[in-house]
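Architecture and fold: a report
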Amino acid sequence: MKSTLLLLAVAGAALLSVASADASNAQKQHDVNFLLWKVNEHLRDETHKGYAKTFDPEADKSHYSDNGEAVHHLVKELKDNRLLEQKHWFSLFNDRHREEALMLFDVLMHCKDWETAVKNAAYFRERMNEGEFVYAIYAAVIHHPLAEHVVLPPLYEVTPHMFTNTEVIQEAYAAKMRQTPTKIKSTFTGTARNKEQRVAYFGEDIGMNTHHVFWHLEFPFWWKDSYSHKLDRKGENFYWVHNQLTVRFDAERISNFLDPVEELQWDKPIHDGFAPHTSYKYGGAFPSRPDDIDFEDVDGVARVRDMIIIDSRIRDAIAHGYIIKEDGSHIDIMNDHGIDVLGDVIESSLYSPNAQYYGALHNTAHIMLGRQTDPHGKYNMPPGVMEHFETATRDPGFFRLHKYMDNIFREHKDSLPSYTFDDLDFKGVSVTNVAIDGTLETYFEDFEYSLLNAVDDTEEIADVDIDTYVPRLDHKEFSYNIEIKNEKGSEALATIRIFAWPHADNNGVKFSFDDGRWGAVELDKFWVKLSPGTSTITRKSTDSSVTVHDVPSFKTLMEKTEAALSGGGDLDLHDYESATGLPNRFLLPKGNHNGMEFDLLVCVTDGAADAAIADLHTNDDFIHYGANGVYPDKRPHGYPFDRHVEDERISNKSPTSITLM
Ligand SMILES: [Cu+2]
């Protein structure tokens, strides 16, 4: 790709003009692009190369907010030869790997200026394990205030191995050897003999996988508030993001004539095996798991018995209605905040009030499931797909595991008193009609991404375009027309909450309101000012606040950045700053030829009482899962369907039926 080399030259010139001032957004974007470009090889940017050679991280400690403590620690580990080698697999669930990645994250978070951060990044990129490096850069760009407007390149183009099947990667290597531009077709893993393959398009969707990784980067289980601030409702967000993945997966299953996912049980066989057809860049193929094996103890991780003990301690806490803190005191969980504590406990994150007693059910379960092929390390297998957020959802075991945890969360939510009519009544305001404009139609469309960063080369060898294309779920655009009557006699701020759940199961048996609402897919949430009288609100599917835009390709990102740098133009990438949230194309579950029937529920609640932030009705930037600041909605996630419904007349209108084709 000649154009890249040309662009590099332009970038070099532009660098000089901004060297003295604080780095511009375009400069920052340029730095991040090139720090992540061809990350398994040597740096390509001339300035970065210079930093890597001559920068001394400890020379001037005034550039660090911790007086160089973090950088001293990392440099010492490096000099003592303790760091993981390069060209080796990396797993966040490996304690030592994570510790090293976080050493670099810690250094970056303590850099007071952009230049120091880039110098350190360049220096350590040439000396640390590539996987650890990528993880630290992604985490730092998401959390460092200096990187606020930087857009991270699509992860599937930075580390394509984690998103692409082995067969395709092998073809990519061959194309590179022959120096022949190539487009390779990607198919989902498995065969028609495996029913689970019908929903592989969901678990293997690269946008959904990216969302999952980003969520765990925005709300990491290793987060300490000393990095910058407390992450608002982190435990509850953990429950909600996985609840939404779980209910979506079940909706996809019904659409594909499959029963809902059954929960995983420690004392029963793991029914579904899995052959990932995916390989590490370094470290061989991801291990496969045959069908119907029993859980085994995993050396150095946990015994199956330990998992059952932790499980029963958590269920005891739910039955008691309180969590026991480390010091023996109690935290009441019989309220809206309870789910947040329980989320911290179950994941567990460093926010867990008592990890010693309640363990780390989710994290340990991921490792347990990931190691079942080689539980005693006899065959020196690398970690399984379950041990990476990029690859975990490929394994049907992921959804079984999360169904299991979702049921624990439901046990807690169902132990809380139901909402009464008065709790939910927004006096004088009601939804009088809901209609959909447009057809609710889903379809698959091929999407292309580059495998350039998967293959090896050197600076002397020109790039040839090597792409793969993969079908992705999409839907036609539509709008909701929501008619609302405001009889308050004055203007009212309202929260509009839109949910849909499958009308019937795979056998055509209608879901009860109470089961249906637990399977509710959140489609949108926004705030409006209602004038007195009746108003019709039109809301486009593309405006959904629970979804994000697809990030431009790495190549487009680089081209836009270099154009802005050389022309001095604006680099407007604002729409892509967060990749947390499902892609908008993924908003609707897949329809089918018979028409997949859903119940649509639109709720209007008191916006003034709900809002945690002022002026939400003017804010179209509301980011659903964002980790910065306060979550805008004071109500629990899933409200008002988060609690057990004793009498469905609580909803004063019956659901509107919609059908997905
Ligand atoms: Cu997860």
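Residues numbered from 1 in each chain as written. Predicted model: local features only at pLDDT ≥ 70, side-chain atom pairs only at ≥ 80, totals over all residues. Heavy atoms only, no water.

1. Notes on a negative patch on the surface
On the surface, Asp291, Asp292, Asp294, Glu296, Asp297 and Asp299 cluster together into a negatively charged patch. Counting through the fold element by element, Asp292 comes out in the loop between helix H12 (234–255) and helix H13 (304–320). (Patch = residues over 30% accessible without salt bridge, like charges linked within 9 Å, V, L, I, M, F, W, Y side chains within 5 Å. Areas by Shrake-Rupley, 256 points an atom, 1.4 Å probe, with all protein chains shown as cover. Salt bridge = Lys/Arg side-chain N within 4 Å of Asp/Glu carboxyl O. Lys, Arg positive; Asp, Glu negative; His and termini not counted. Charge placed at Lys NZ, Arg CZ, Asp CG, Glu CD. Helix = DSSP H or I, 4+ residues; strand = E, 2+ residues; numbered from the N terminus.)

2. Considerations on the UniProt feature "domain: Tyrosinase copper-binding" (unreviewed entry) in the protein
Per the UniProt record, "domain: Tyrosinase copper-binding" (unreviewed entry) is annotated on residues 395–406. Along residues 395–406, the helical share is 92% and the strand share 0%, with 17 Å between the first and last C-alpha atoms. (UniProt positions renumbered as here; feature names shortened; annotations may be inferred.)

3. So, the sheet that holds strand E7 (residues 479–486)
Sheet strands associate in pairs through backbone hydrogen bonding, adopting either a parallel or an antiparallel arrangement. Pairing is antiparallel across the open sheet formed by three strands, whose spatial order is E4-E7-E10. At either margin of the open sheet sits one strand with a lone partner, and together these are strand E4 (429–437) and strand E10 (533–540). Averaged over all neighbouring strand pairs, the angle between strand axes comes to 20°, with direction disregarded. Direction of pairing for E4 relative to E7: antiparallel, over a ladder of eight bridges. In the sheet register, Ile436 faces E7, and the bridge partner there is Tyr480. (Pairing = 2+ DSSP bridges. Axes fitted to C-alpha atoms, helices over the stretch in contact; angles between N-to-C directions.)

4. Brief notes about the packing of H12 against helix H17 (residues 396–415)
How two helices sit against one another is set out by the angle between their axes and by the gap between those axes. Relative orientation of the contacting elements H12 and H17 amounts to 120°, with a least axis distance of 9 Å. Relative to H17, the element H12 is oriented oblique. Here the hand of the crossing between H12 and H17 comes out left-handed. Judged by residue contacts, Phe238, Tyr239, His242, Asn243, Leu245, Thr246, Phe249 and Asp250 of H12 engage Phe398, Phe399, His402, Lys403, Asp406, Phe409 and Lys413 from H17. Residues of the contact of H12 with H17, tallied by class, amount to seven nonpolar, four polar and four charged. (Parallel < 35°, antiparallel > 145°, perpendicular 65-115°, else oblique. Left-handed = near helix turned anticlockwise from the far one by under 90°. Contact = heavy atoms within 4.5 Å. Nonpolar A, V, L, I, M, F, W, Y, C, P; charged D, E, K, R; others polar.)

5. Quick word on the domain arrangement of the protein
Taken as a whole, the protein is organised into domain 1 (25–150), domain 2 (190–415) and domain 3 (421–441 + 476–546 + 581–660). Each of domain 2 and domain 3 has a C-alpha centre, and the two are 28 Å apart. Summed over both sides, the interface between domain 2 and domain 3 buries roughly 3,400 Å², with carbon and sulfur atoms accounting for 53% of that surface. Looking only at domain 2, the three residues that lose the most surface to domain 3 are Trp240, Arg248 and Arg410, adding up to 20% of its buried area. Residue Arg410 is joined to Asp514 by a salt bridge in which the shortest nitrogen-to-oxygen separation is 3.5 Å. Applying the counting rule to domain 2 against domain 3 returns 24 residue pairs in polar contact (both at pLDDT 80 or more). Sorting the residues of the side of domain 2 that touches domain 3 by element identifies helix H10 (200–203), helix H11 (206–218), H12 and H17 as the ones contributing at least two each. Ranked by residues supplied to the side of domain 2 that touches domain 3, first place goes to H12 with 14 residues. (Domains from an automatic or database assignment. Buried area = accessible area lost by both parts, 1.4 Å probe. Polar contact = N/O pair within 3.5 Å; in protein donor to acceptor, adjacent residues only side chain to side chain.)

6. Some points on the packing of aromatic side chains
On inspection of all chains with the given rule, the structure shows 41 aromatic pairs. Plain terms: the ring middles of Tyr156 and Phe163 are 6.2 Å apart, the flat faces sit at 80° to each other, and that makes the pair edge-to-face. Just as Tyr156 is buried, Phe163 falls in that class too. Among the aromatic residues, those joined into a cluster by ring pairs are Trp215, Phe219, Phe238, Tyr239, Trp240, Phe409 and Trp518. One residue, Arg472, lies across the ring of Phe447, its end atom 3.5 Å from the ring centre. Over the face of the ring belonging to Phe526 we find Arg539, whose NZ or CZ atom lies 4.0 Å from the ring centre. (Phe/Tyr/Trp six-rings, centres within 6.5 Å; stacked < 30°, edge-to-face > 60°. Buried < 20%, exposed > 50% of the residue type's maximum accessible area, 1.4 Å probe, protein only. Lys NZ or Arg CZ within 6 Å of the ring centre and 35° of its normal.)

7. A look at the coordination of the copper ion
For the copper ion, the full set of protein donor atoms is His212 (NE2), His216 (NE2) and His242 (NE2), at a range of 2.0 to 2.1 Å. Counting residues between consecutive donors of the copper ion along the chain gives the motif H-x3-H-x25-H. Within this pair, whereas His216 is found in helix H11, its partner His242 is found in helix H12, the two being separated by 26 residues in sequence. The exposure class of His216 is buried, given its relative accessible area of 3%. Note on His242: relative accessible area 4%, which makes it buried. (Donors = N, O, S within 2.8 Å, 3.2 Å for Na, K, Ca; no water.)

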